[in-house]
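Listed below, chain by chain, are the residues.
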Amino acid sequence: VSEGTMIDDITNDAEEGMKKAVDSFKRDLQKIRTGRANTSMLDGIKVDYYGTPTPVNQVATIQVVDARLITVKPWEKNMLAPIDKAIRASDLGINPVADSDLVRLPIPPLTQERRKELAKAVGKQTEEARVAVRSARRGAMDMLKDAEKDKQVTEDERKSGEKKVQELTDRYVATIDDIAKAKEKEIMEL
């Protein structure tokens, strides 16, 4: 194994870990409700479909009609009631309105109090994502030091690897902060 590839392996692994942290952060943020209608709000909701807990989007067509309304149209009429019930039981804080063939979800505007709670939740998720990125950084830095100690890489190679890992860390933390700012703006704006 030439030194270059070892350093590349370590930095690539670190970047992979950082990417995963960002992807997971994006998914977590999608679940945080803003005042704007968004189909991903229903991502965590499952309905009883012939005895199997099934995601709503696998038994119905979900559409954003406008910023304040989502419609859920079950593919089978008998799924109307279970969908209505599952949404009521969720922590979305939405009162569905069912008619003969679809469930309407009017999205209430957020109260100032609720906006603050949501912004706090975003802050918590942001910190967790940063911690995950820093953890990937720490792992890579330790591996670089061990590789130097085991004479697998030179001091210069270790330093150059550490510089690369730090640049990745800075880039991914900045990405997380940008995503968080956009989400907070979305929560506060309506």
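Residues numbered from 1 in each chain as written. Predicted model: local features only at pLDDT ≥ 70, side-chain atom pairs only at ≥ 80, totals over all residues. Heavy atoms only, no water.

1. With respect to the sheet that holds strand β4 (residues 69-74)
Across the sheet, which stays open at both edges, the four strands sit in the order β3-β4-β6-β5 with antiparallel pairing between neighbours. Every other strand in the sheet has two partners, leaving β3 (60-66) and β5 (97-98) as the edge strands with one partner each. Direction of pairing for β4 relative to strand β6 (residues 103-106): antiparallel, over a ladder of four bridges. Paired with Leu 69 across the strands is Pro 106, a residue of β6. (Pairing = 2+ DSSP bridges. Helix = DSSP H or I, 4+ residues; strand = E, 2+ residues; numbered from the N terminus.)

2. Focus on the nonpolar core
Judged by nonpolar contacts, the single largest core of 29 residues is most densely connected at Met 18, Phe 25 and Val 133. Taken together, the elements giving at least two residues each to this core come down to α1 (3-30), α3 (112-149) and α4 (155-189). Residues contacting Met 18, with those up to four places away along its chain left out, are Val 133, Ala 136, Arg 137, Val 165, Leu 168, Thr 169 and Tyr 172. Counting residues in hydrophobic clusters, the runner-up holds 21 residues, among them Ala 37, Leu 42, Val 56 and Ile 83. (Core = buried A, V, L, I, M, F, W, Y, C linked by side-chain atoms within 4.5 Å. Buried < 20%, exposed > 50% of the residue type's maximum accessible area, 1.4 Å probe, protein only. Contact = heavy atoms within 4.5 Å.)

3. A few points about the pattern of salt bridges
Across all of its chains, the model carries 16 salt bridges by this definition. With a shortest N-O distance of 3.6 Å, Asp 146 and Lys 149 are connected by a salt bridge. Highlighted residues: Asp 146 and Lys 149, both in helix α3, separated by three residues, approximately one helical turn. Using a relative accessible area of 63% as the deciding quantity, one classes Lys 149 as exposed. Between Glu 162 and Arg 158 there is a salt bridge, with its nearest N and O atoms 3.0 Å apart. Taken together, the residues Glu 162 and Arg 158, both in helix α4 and four residues apart, mark about one turn of the helix. Of the two residues, Glu 162 and Arg 158, neither departs from the other in class, the shared state being buried. Connected through shared salt-bridge partners, Glu 148, Glu 155, Arg 158, Lys 159 and Glu 162 make up one network. (Salt bridge = Lys/Arg side-chain N within 4 Å of Asp/Glu carboxyl O.)

4. Quick look at the packing of aromatic side chains
Taken as a whole, this structure holds one aromatic pair when the rule is applied. Between Tyr 49 and Tyr 50 the ring centres are 4.7 Å apart and the planes differ by 75°, which places this aromatic pair in the edge-to-face class. When its relative accessible area of 25% is taken as the criterion, Tyr 49 is described as partly exposed. When its relative accessible area of 60% is taken as the criterion, Tyr 50 is described as exposed. (Phe/Tyr/Trp six-rings, centres within 6.5 Å; stacked < 30°, edge-to-face > 60°.)

5. Topic: the environment of Gly 139
Its place among the elements puts Gly 139 in helix α3. As for Gly 139 and Leu 69, which are separated by 70 residues in sequence, their C-alpha atoms are 45 Å apart.

6. Quick look at a negative patch on the surface
Together, Asp 9, Asp 13, Glu 16 and Asp 23 make up a region of like negative charge exposed at the surface. Relative to the helices and strands, Asp 9 resides in helix α1. (Patch = residues over 30% accessible without salt bridge, like charges linked within 9 Å, V, L, I, M, F, W, Y side chains within 5 Å. Areas by Shrake-Rupley, 256 points an atom, 1.4 Å probe, with all protein chains shown as cover. Lys, Arg positive; Asp, Glu negative; His and termini not counted. Charge placed at Lys NZ, Arg CZ, Asp CG, Glu CD.)

7. Thoughts on helix α2 (residues 80-89)
Given 3.6 residues to a turn, an α-helix orients residues that are three or four positions apart in the same direction. All buried positions along α2 are accounted for by Leu 80, Ile 83, Asp 84, Ala 86 and Ile 87. Along the axis of α2, the buried residues cluster in a sector spanning 165°; they form a single face. Exposed residues on α2 whose side chains face more than 90 degrees from its buried face are Ala 81, Lys 85 and Ala 89. In the core, the buried residues of α2 are packed alongside β1 (46-49), β3, β4, β5 and β6. (Arc of directions from axis to C-beta.)

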